[in-house]
Amino acid sequence: MTETKYTRFQPITLANIAQAPQWALLDQDIQEAVRVVGQVLPFRTNSYVMDELIDWARVPNDPIFQLVFPQPGMLSDEHYHAVADGMSAGMAPKQLKEMVAEIRADLNPHPAGQQTDNVPVLEGEPMPGVQHKYRQTMLFFPSQGQTCHAYCTFCFRWAQFVGDTSLRFRSNDADQLCNYLAAHQEITDVLFTGGDPMIMKASVFSRYVDALLNDSRLDHVQTVRIGTKSLAYWPQRFVTDEDADDMLGLFEQIVASGRTLAIMGHYSHPVELSTEVAQRAVARIRNTGANIRMQSPLIRHVNDDPQVWRDLWQTGVRLGCVPYYMFVERDTGARNYFELPLVDCWKTFRAAYSSVSGISRTVRGPSMSAWPGKVHVLGVKDVGGEPAFILEYLQCRRPELVRQPFFAKFDPTATWFDDLEPLTADDAPMFPDNWPEEQEVQISPVNLGNTELPILVGADS
Ligand SMILES: *Cc1c(COP(=O)(O)O)cnc(C)c1O
Ligand code: SF4
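Residues numbered from 1 in each chain as written. Chains lettered and ligands numbered in written order. Predicted model: local features only at pLDDT ≥ 70, side-chain atom pairs only at ≥ 80, totals over all residues. Heavy atoms only, no water.

A look at the pattern of salt bridges
- The full count for this structure, using the stated rule, is 12 salt bridges.
- Glu-272 serves as the salt-bridge partner of Lys-229, at 2.9 Å between the closest nitrogen and oxygen. Separated by 43 residues along the polypeptide, Lys-229 in the loop between β8 (223–228) and α10 (230–233) and Glu-272 in the loop between β9 (260–266) and α12 (276–287) bring together distant segments of the chain.
- Owing to a relative accessible area of 5%, Lys-229 belongs among the buried residues under this scheme.
- A residue is classified by how much of its surface remains accessible, and Glu-272, at 0% relative accessible area, is buried. (Salt bridge = Lys/Arg side-chain N within 4 Å of Asp/Glu carboxyl O. Helix = DSSP H or I, 4+ residues; strand = E, 2+ residues; numbered from the N terminus. Buried < 20%, exposed > 50% of the residue type's maximum accessible area, 1.4 Å probe, protein only.)

Encoded structure:
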């Protein structure tokens, strides 16, 4: 049992990476790339990830090394050389910072209009720590949970981690959370997210839990979700950390309140479930009555292999976790390094899905969290002699469009929803370019034999 070896969490960053025993194993060009790319994209790991999850014999191709270490190909040649030359020429820190800021601005730091479009208002006040895009689910970003035990190099929230405060949205106000929920009886799910909310001390998280559970206005909230990568990056959080038992006690309280507690575990690769401490964390969480769902984006160099997904879902299911989403990597940051054509995402998903039993087929994907909603790539098929993507919304800003199949012109190089075009005029209303600003979209009803599927146009107003 390795649990006593890691009793205290120690982050590893650019400031102390050279002291890690594994640093000397890296070729010089890789060391340079970590330092150069690490100026632009956030870099953070820890001793557990370094010692237990990365197989150093496989570096640089090791999937977890690719997941947490900045790689040479993550910046364009132009950006890379600008930073590398600046550093080796001893550029003044202020100047270097300015250059880095410009490069970051080029990397689409806030995809899908998150910063501007999803911030709700309560009694005239904007609520910066709340996102409410889909009717039933509210996202809450506690300010104390805006970092992670290690950073994923592809993270779409990377901008929050590099100190650009204008890009942060968060709240430390439990009353605000409860007031918003009380004013929105349609919300059934509150999802704590970040960063990683499990970076919080139990004593801090308890303020939110106490507020939620003691508020008699919130009976309509039936599910509490916690989005976290701690199960992969620091499972000690639930096993040996000083306040591990206190955190699990809070989970028990949520369950005892008559609600479902769902831990949305971000798992990228089955190696994250292979250690004893990772498996104990899963077992201890499940003992509280919480359930664990698994989700992750499909990332080139990390998990672009159906076998990896099959192993991940099978191992997870064996431990009692429920496969939930396979996402398409978002259009931000080092996207050129990580992204895969949509057609390849679909093929990978299909190969993995068809190799597991129905118990693992709770997973949905590949799914793009795009501006209009979660767009599910169902497949590719000839339609009237023309190849097309078959798509549907799993979630949508316009709920009346959910689960209406539609077609886009096939494009073998498309990597994101924005790259796609409607196949015919019939499909155009499903694309947000064609959404009228104020009026509701009219979608013709689908004829299902004798039953007309009612389409609730304008139900969202
Ligand atoms: C994915 C997501 C949710 C949750 O959607 P579910 O399908 O209920 O898991 C909520 N809000 C936003 C903005 C999301 O991207
Ligand atoms: S754990 Fe989640 S929020 Fe943190 S860096 Fe990874 S993807 Fe981003």
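Considering the nonpolar core
- Phe-69, Phe-205, Phe-251 and Phe-417 are the most contacted members of the largest nonpolar core, which has 134 residues in total.
- For this core, the domains that each give at least three residues are domain 1 (3–105) and domain 2 (121–439).
- Discounting chain neighbours no more than four positions away, the residues touching Phe-205 are Phe-192, Met-198, Met-200, Ile-226, Met-247, Leu-250 and Phe-251.
- Within the second largest apolar cluster, nine residues are counted, among which are Leu-139, Leu-191, Tyr-324 and Leu-394. (Core = buried A, V, L, I, M, F, W, Y, C linked by side-chain atoms within 4.5 Å. Domains from an automatic or database assignment. Contact = heavy atoms within 4.5 Å.)

Topic: the site of ligand 2
- Cys-148, Tyr-151, Cys-152, Cys-155, Phe-161, Gly-195, Lys-229 and His-266 make up every residue found near ligand 2.
- In the shell around ligand 2, the residues fall into five nonpolar, two polar and one charged. (Near = heavy atom within 4 Å. Nonpolar A, V, L, I, M, F, W, Y, C, P; charged D, E, K, R; others polar.)

Description of the environment of Val-383
- Assignment of secondary structure puts Val-383 in strand β13 (residues 373–383).
- Separated by 278 residues in sequence, Val-383 and Ala-105 have C-alpha atoms that sit 40 Å apart.
- Once residues within four sequence positions are removed from consideration, Val-383 is found in contact with Ala-388, Phe-407 and Leu-423.

Side note on the pairing of β8
- For β8, the tally of buried residues reaches six of six residues, placing the bulk of the element in the interior.
- By the alternation rule, side chains of β8 split into Thr-223, Arg-225 and Gly-227 and Val-224, Ile-226 and Thr-228, which are all buried.
- As paired strands, strand β7 (residues 189–192) and β8 are joined by four bridges and run parallel to one another. In the strand pairing of β8, Leu-191 is matched with Arg-225.
- Between β7 and its parallel partner β8, the chain crosses via helix α9 (residues 202–213), and the hand of that crossover is right-handed.
- In terms of strand pairing, β8 meets β9 through six bridges, oriented parallel. Bridging from a neighbouring strand, Ile-226 pairs with Ile-263 of β9. (Pairing = 2+ DSSP bridges. Right-handed = clockwise from strand over helix to strand, strands pointing away.)

Side note on the site of ligand 1
- Neighbouring ligand 1 are Gln-131, Lys-133, Tyr-134, Thr-137, Leu-139, Arg-225, Tyr-324, Tyr-325, Lys-374 and Gln-395.
- Arg-225 is positioned with one of its side-chain polar atoms (N or O) 2.7 Å from an oxygen atom of ligand 1.
- Take Gln-395: an N or O atom from its side chain is 2.9 Å from an oxygen atom of ligand 1.
- Out of a free accessible area of 380 Å², ligand 1 has 86% covered by protein chains.
- Among the secondary structure elements, those contributing two or more residues to the shell around ligand 1 are β5 (130–134), β6 (137–140) and β11 (322–328).
- Looking at which element gives the most residues to the shell around ligand 1, the answer is β5, with three residues. (Polar contact = N/O pair within 3.5 Å; in protein donor to acceptor, adjacent residues only side chain to side chain. Areas by Shrake-Rupley, 256 points an atom, 1.4 Å probe, with all protein chains shown as cover.)

Describing the packing of aromatic side chains
- Applying the stated criterion across every chain yields a total of 24 aromatic pairs.
- Look at Trp-313 and Phe-349: their rings are 6.0 Å apart centre to centre, the planes differ by 65 degrees, and that puts the pair in the edge-to-face class. Of this pair, Trp-313 sits in helix α13 (residues 306–318) while Phe-349 is found in helix α15 (residues 342–353), placing the two residues 36 residues apart along the sequence. In terms of burial, Trp-313 and Phe-349 fall into one category: buried. (Phe/Tyr/Trp six-rings, centres within 6.5 Å; stacked < 30°, edge-to-face > 60°.)

Describing the domain arrangement of the chain
- Domain boundaries in the chain define domain 1 (3–105) and domain 2 (121–439).
- Using C-alpha coordinates to define each centre, domain 1 is positioned 26 Å away from domain 2.
- Every contact between the two is made by 28 residues of domain 1 and, on the other side, 33 residues of domain 2.
- Contact between domain 1 and domain 2 buries roughly 2,700 Å² in total, counting both sides, with carbon and sulfur atoms accounting for 65%.
- There are zero salt bridges connecting domain 1 and domain 2.
- Across the domain 1-domain 2 interface, the total number found is eight residue pairs in polar contact (both at pLDDT 80 or more).
- If you list the elements that add at least two residues to the side of domain 1 that touches domain 2, you get β2 (45–46), α2 (47–53) and α3 (63–68).
- Top contributing element to the side of domain 1 that touches domain 2 by residue count: α3, with five residues.
- Partitioned by chemical class, the residues of the side of domain 1 that touches domain 2 number 16 nonpolar, seven polar and five charged. (Buried area = accessible area lost by both parts, 1.4 Å probe.)

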